[in-house]
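Tertiary structure, described
These are the residues of each chain, in order.
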Amino acid sequence: MVETNADKIYRLALRYTQDKNQAEDLTQETFLRAYQNLASYDRSKPAGPWLCTIAANLCRNWLRDNRELPFDFTEENILPTNSGPEELYLQQESETELLQALEKLPLIYREVLLLRHVGELSYDEIAEALNLEMSIVKNRLYRGRLMLKSSLIGIREG
Amino acid sequence: MERCPDQLNIQALADGEAQDQQLWNHVQRCPHCSDQYRRLSNLVKIADGLKSDAKLPASFYRSLETKINPAPFPAALVAAVVFALALLSLVLLGPNYFEWWLSVGITNQVGLILDAFLDLLAYSRLVGPAWIIMGLAALVAMELFILNLIRNAEGLKNV
Ligand SMILES: [Zn+2]
């Protein structure tokens, strides 16, 4: 269980905290919690989503205790959703810019994006991990991606 | 005319989460929806940039192993000390007791108690130190009780 999932949990924690040492500590804490709560783990399901849930909770607590909350996006912050060549241009963004853009998102959108794109969880698994309705997961994923794009454009344009 | 699907359903297609063939057929046919699909797929690709190939250092696994399986509690040492103290106190209280104990040898009952000791040591990694000490103390008490019964049965009055 550890060998298969440790790097993925680390990457998730790294994206939440953007700090290697903290991410390593949170990964270790995730496995220690999992070990202590093995009895509550349903062995018929893959361990990855269960571990991601534990990690997401730990990371959220860590962020609450260690970081100020980023500014809130409002409806006006989200750019128009027309398709255009800018998407192709944005796909070549640097990792640094993308992480800066992510930092600006409210946590509720950030974590849905991280669980989907870093934790590689399905809609169902995200809903279970965050204890949300499926429709809310889809919505946050949609809005989160739009915000990420807007935020990225904002960073590009200085 | 066929109604266009909600954009969240098109997003599900772009995410590989929707298996609906009808939906897919519509998206391919309808210029508006195929445009939406392209736009949403591009958003997915942007967010896919969050993926990382970072790896944990090898020291992480050793450190985790140490935390999950800490050095076992020295239950054998504690058992030996508890047992030695109990025997010592008996010898001091009744000097002939020790000679008698050696003369009767280890009976079946005492053998069972010793087995229980060994089992307890084997489980010492799974339970807390307090439980181990309590268990060992209870076994010592039982062992002494049994020895005392045998001694009385043999009619050693002056021990
Ligand atoms: Zn349509």
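The rules we used
Residues numbered from 1 in each chain as written. Chains lettered and ligands numbered in written order. Predicted model: local features only at pLDDT ≥ 70, side-chain atom pairs only at ≥ 80, totals over all residues. Heavy atoms only, no water. Helix = DSSP H or I, 4+ residues; strand = E, 2+ residues; numbered from the N terminus. Buried < 20%, exposed > 50% of the residue type's maximum accessible area, 1.4 Å probe, protein only. Contact = heavy atoms within 4.5 Å. Areas by Shrake-Rupley, 256 points an atom, 1.4 Å probe, with all protein chains shown as cover. Donors = N, O, S within 2.8 Å, 3.2 Å for Na, K, Ca; no water. Buried area = accessible area lost by both parts, 1.4 Å probe. Salt bridge = Lys/Arg side-chain N within 4 Å of Asp/Glu carboxyl O. Polar contact = N/O pair within 3.5 Å; in protein donor to acceptor, adjacent residues only side chain to side chain. Nonpolar A, V, L, I, M, F, W, Y, C, P; charged D, E, K, R; others polar.

As for the overall build of chain A
A tally of helices and strands in chain A yields eight helices and zero strands. Within chain A, the proportion of its 158 residues that are buried is 51%.

Section: the overall build of chain B
Counting its regular elements, chain B contains eight helices and zero strands. Of the regular secondary structure in chain B, the N- to C-terminal order runs α-α-α-α-α-α-α-α. For chain B, with 159 residues in total, the buried portion stands at 36%. Taking all contacts inside chain B whose residues are at least 6 apart in sequence as the whole, residues at least 24 apart take part in 68%. A total accessible area of about 9,900 Å² is found for chain B, and carbon and sulfur atoms account for 62% of it.

Topic: the coordination of the zinc ion
Residues and elements named next belong to chain B. Coordination of the zinc ion by the protein involves Cys-4 (SG), His-26 (NE2), Cys-30 (SG) and Cys-33 (SG), with metal-donor separations of 2.1 to 2.3 Å. When the donor residues of the zinc ion are listed from N- to C-terminus, their spacing reads C-x21-H-x3-C-x2-C. Both residues of the pair, His-26 and Cys-30, belong to the buried class.

What about the interface of chain A and chain B?
Listed by partner, the interface residues are 42 residues for chain A and 33 residues for chain B. Summed over both partners, the interface of chain A with chain B buries about 3,500 Å², with 60% contributed by carbon and sulfur atoms. Of all residues in chain A, Gln-28, His-117 and Tyr-142 of chain A bury the most surface against chain B, accounting for 18% of the area lost on that side. Linking Glu-17 of chain B and Arg-116 of chain A is a salt bridge whose minimum nitrogen-to-oxygen distance equals 2.7 Å. Joining chain A to chain B, the criterion identifies 18 residue pairs in polar contact (both at pLDDT 80 or more). Elements that contribute at least two residues to the side of chain A that touches chain B include exactly α1 (2–17), α2 (20–36), α4 (85–90), α5 (95–103), α6 (107–117) and α8 (134–156) of chain A. By residue number, the principal contributor to the side of chain A that touches chain B is α8 of chain A, which donates nine residues. Along the lines of polarity and charge, the residues of the side of chain A that touches chain B split into 21 nonpolar, nine polar and 12 charged.

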